[in-house]
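Commentary on secondary and tertiary structure
Residues per chain are reported as follows:
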Amino acid sequence: MNIRPNTSIFLMFTGFVLLQIILSGLIDFGPLLFISIYPLFLLTLPLYLPSRRLMVWAFATGLTIDYFSNSIMGINSAASIIMVVSQTRVFKLLYRKGDMENQVRPGMREMGLSRFSAYIAINLAIHHIALVSLENFGFGHFASTLPRIVVSLMANTILILIAEYGVFYRRRR
Amino acid sequence: MWNKSPIIRGLATLLLFFALEGVSLLFIAKDSLFQKARINSIMMGIKGDISGFSSDVRYFIGLWKVNDMLHQENIALKNKLDHLKSELGQRDTLFSVTADSTRPGFSYIPARIISNSTNKLQNFIILDKGSRHGVQKEMGVVSALGVVGVVKEVTENYSYVISFLNTTQSISARISPSGAFGPLEWDGKSTNHAILSQIPQHIRFNMGDTVSTSGYSSIFPGGIPLGTAQSSTLKGGTHHMITVKLFQDFSSLHLVNIAVNLNIQEINNLKESNNNNEY
C-alpha cells in the first residue's frame, strides 16, 4: 500500500466531515429529519481495506462529526461502526462476479445505479436504526421513532445519491 | 503468524469492534444525561447482581456466627421475659397498660414520612398511614427525639400533618426541674429552635435544662423530651421567654409514630358534658 491512497482517503475524510457539519448546521427540519451524508465516505472506502481499518475510520469520522456538530458525543461513531461491520456483508449480497474487476471503489459508476442505491439504502437503514436506538437507548419506543428513521432514511439516501452522482460519477467518466 | 490465522484476525476485529463501541458508549454516557441514566441503571443492575451474589456467599459462610449470635440473643430475651413477667405480676393492679403502648394511655402507629417541608413558615408533612390504619384527626405525631406535629386531615391511606415547624402550631411544654409549663411555639426563624413563653419570672432554671411535653393535652403524652434551654429574656418584667434548642432535626426526619390516645373518647365526653352543664 503506498502513500497516495491514504492521502486521498484523508482528504475525502476532511471534505465529508466539513460537508456534514455545514449541512447539519444549515438544515433543520425538526425532530423528524436528521441529515447524515458522511456514510457515503465510509461506504465508498476502497475494498482492499481490512475491516479493522474500516472500523477505525468509522470511529474517527463519527467522533469528529459528533464533536463539531450538536449531537450527543459518541453516538455517530457508535452507529457508523455498526454500519461498517455490516457493510462488507451487504456488499457481498449485491456483488456480481466479474463486476468489480480492477475496481477498488464501490461507487455508482462501478456498481450501477440500482445496485448502488440498494447498497446505500440498506447500509443507511442499519446506520439510522442504530443511531435512533442509541438515542432512545432501547427498542422500546420503536413505533414512535419509526417516522424519524423512515423520513431521514429517504432524505439521506436521495442526498447521498445526488452527491455521488454530482461529485464522483460524472468526474470519473 | 498474527496476520495468517483467520481466527486470531477475526478475534482482533471483534475486540476492536467492542473496544470502539465501548469508547463511543462512554462518550455518550458522559455527554447525555438520559443515556447516562439508562447506562447507569444497567450497570447498577449488574453491580447489584454481583454484590448480591457475593453477599449471599458471605452470608452462607457466616451462618454459624449468626446462629451463635441468635442463640445468645434468645437466651438474653428469655431471661428478660421472665424478669418482666415477675415484675408485671407485682404491678398488675397499679397500672392498666396495653400490650403495645410504651406510655400508659397511648398506643402508637408507626408511619413513614412521604413528603416534608422545612423551608416555609407554614410547613406540612404527609404520612403514609390513613384512616384505614386507624389514624384520626387531631392525633399527635411524635418521634424518638420530640414532637413532629398534629394530624390535620386524614384520607384512606394518607394523613396530612401540620408540622411543629408551623407558626400556627403550639404545644404545651414544661421545663424540667421546676415543672413550670407554657406554650412552646416555633418562631419561624430557625428549624433548630423554638420559643417557650409564659414561664413566670420567679421560676429558677439553668441553661441546658431539658424541656419536655407537659402531658396537659389529650394529643401528646407527657414527658417526651423536646430540647434544651439555650437562652432567655424577660418579657414585660413578668415572664421568661426561653429559646429552646430542639433535639429533633426536621430535615432528616423519616420515621415517626402517631400517638393514639386510648382515652380520648372518655375525655371528650367529659368535656361535652361539662359544656352542656355550663351556667
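Above this note sits the structure.
None of these values were measured; they are calculated from a predicted model.

Cut-offs and rules
Residues numbered from 1 in each chain as written. Chains lettered and ligands numbered in written order. Predicted model: local features only at pLDDT ≥ 70, side-chain atom pairs only at ≥ 80, totals over all residues. Heavy atoms only, no water. Contact = heavy atoms within 4.5 Å. Buried area = accessible area lost by both parts, 1.4 Å probe. Salt bridge = Lys/Arg side-chain N within 4 Å of Asp/Glu carboxyl O. Polar contact = N/O pair within 3.5 Å; in protein donor to acceptor, adjacent residues only side chain to side chain. Helix = DSSP H or I, 4+ residues; strand = E, 2+ residues; numbered from the N terminus. Nonpolar A, V, L, I, M, F, W, Y, C, P; charged D, E, K, R; others polar. Buried < 20%, exposed > 50% of the residue type's maximum accessible area, 1.4 Å probe, protein only. Patch = residues over 30% accessible without salt bridge, like charges linked within 9 Å, V, L, I, M, F, W, Y side chains within 5 Å. Areas by Shrake-Rupley, 256 points an atom, 1.4 Å probe, with all protein chains shown as cover. Pairing = 2+ DSSP bridges. Core = buried A, V, L, I, M, F, W, Y, C linked by side-chain atoms within 4.5 Å. Axes fitted to C-alpha atoms, helices over the stretch in contact; angles between N-to-C directions.

Some remarks on the interface of chain B and chain A
- Across the boundary between the two partners, chain B contributes 19 residues, which contact 20 residues of chain A.
- When the two sides are added together, the surface that chain B and chain A hide from each other amounts to roughly 1,700 Å², 73% of it contributed by carbon and sulfur.
- Inspection of the chain B/chain A interface yields zero salt bridges.
- The tally of links from chain B across to chain A stands at three residue pairs in polar contact (both at pLDDT 80 or more).
- If you list the elements that add at least two residues to the side of chain B that touches chain A, you get α1 (6-31) and α2 (33-61) of chain B.
- The element best represented in the side of chain B that touches chain A is α1(B), accounting for 13 residues.
- Considering only residue class, the side of chain B that touches chain A consists of 11 nonpolar, four polar and four charged.

Concerning the pattern of salt bridges
- Evaluation of the coordinates by the stated rule reveals two salt bridges over all chains.
- Put simply, R148(A) and E135(A) hold a salt bridge, and the shortest N to O gap is 2.7 Å. Note that R148(A) is positioned in helix α7 (residues 142-169) and E135(A) in helix α6 (residues 113-136), a separation of 13 residues in sequence.
- Residue classification places R148(A) among the buried residues on the basis of a relative accessible area of 17%.
- Assessed through its relative accessible area of 23%, E135(A) is described here as partly exposed.
- Between R112(B) and D128(B) there is a salt bridge; the shortest N-O distance is 3.8 Å. Of this pair, R112(B) sits in strand β1 (residues 106-116) while D128(B) sits in the loop between β2 (122-127) and β3 (140-143); the two residues are 16 residues apart in sequence, bridging distant segments of the chain.

Looking at a nonpolar patch on the surface
All names here are of chain B.
- Taken together, I7, L11, L14 and F18 make up a surface patch of nonpolar side chains, about 440 Å² in accessible area.
- Following the sequence through the fold, I7 ends up in helix α1.
- Look at I7 and you get exposed, because its relative accessible area is 63%.

Here's the deal with the pairing of β3(B)
Residues and elements named next belong to chain B.
- Residues G140 and V142 point to one face of β3 and V141 and S143 to the other, with burial holding for every one of them.
- Bridging between β3 and strand β4 (residues 146-154) involves four bridges; their strand directions are antiparallel. Directly across from V141, in β4, lies its bridge partner G149.
- Taking the residues between adjacent antiparallel strands as the criterion, β3 and β4 are bridged by two residues.

Here we look at the nonpolar core
- Core analysis: the biggest nonpolar cluster contains 44 residues, and L40(A), F41(A), L42(A), L45(A), W57(A), F116(A) and Y119(A) have the highest contact counts within it.
- Of all the elements in the fold, those that place two or more residues in this core are α1 (3-26), α2 (39-43), α3 (51-68), α4 (75-94), α5 (108-111), α6 and α7 of chain A together with α1 of chain B.
- If one sorts the elements of this core by residue count, α3(A) sits on top with seven residues.
- L127(B), V147(B), I199(B) and I224(B) belong to the second largest nonpolar core, which has 43 residues in total.

Concerning the side chain of H240(B)
All names here are of chain B.
- Inspection of the secondary structure assignment puts H240 in strand β11 (residues 239-246).
- Only 3.2 Å separates the side chain of H240 from the backbone oxygen of Q201, close enough to count as a polar contact.
- Sequence-distant contacts of H240, defined by excluding residues within four places in its chain, comprise L196, S197, Q198, I199, P200, Q201, I203, F205, S232, T233 and L234.

A word on the packing of α1(B) against α2(B)
All names here are of chain B.
- Contact geometry of α1 with α2 gives a least axis separation of 6 Å together with a crossing angle of 115 degrees. Between α1, through L25, I28, A29 and D31, and α2, the contact on the second element is made entirely by L33, Q35, K36 and I39.
- Grouping the constituent residues of the contact of α1 with α2 by class yields five nonpolar, one polar and two charged.

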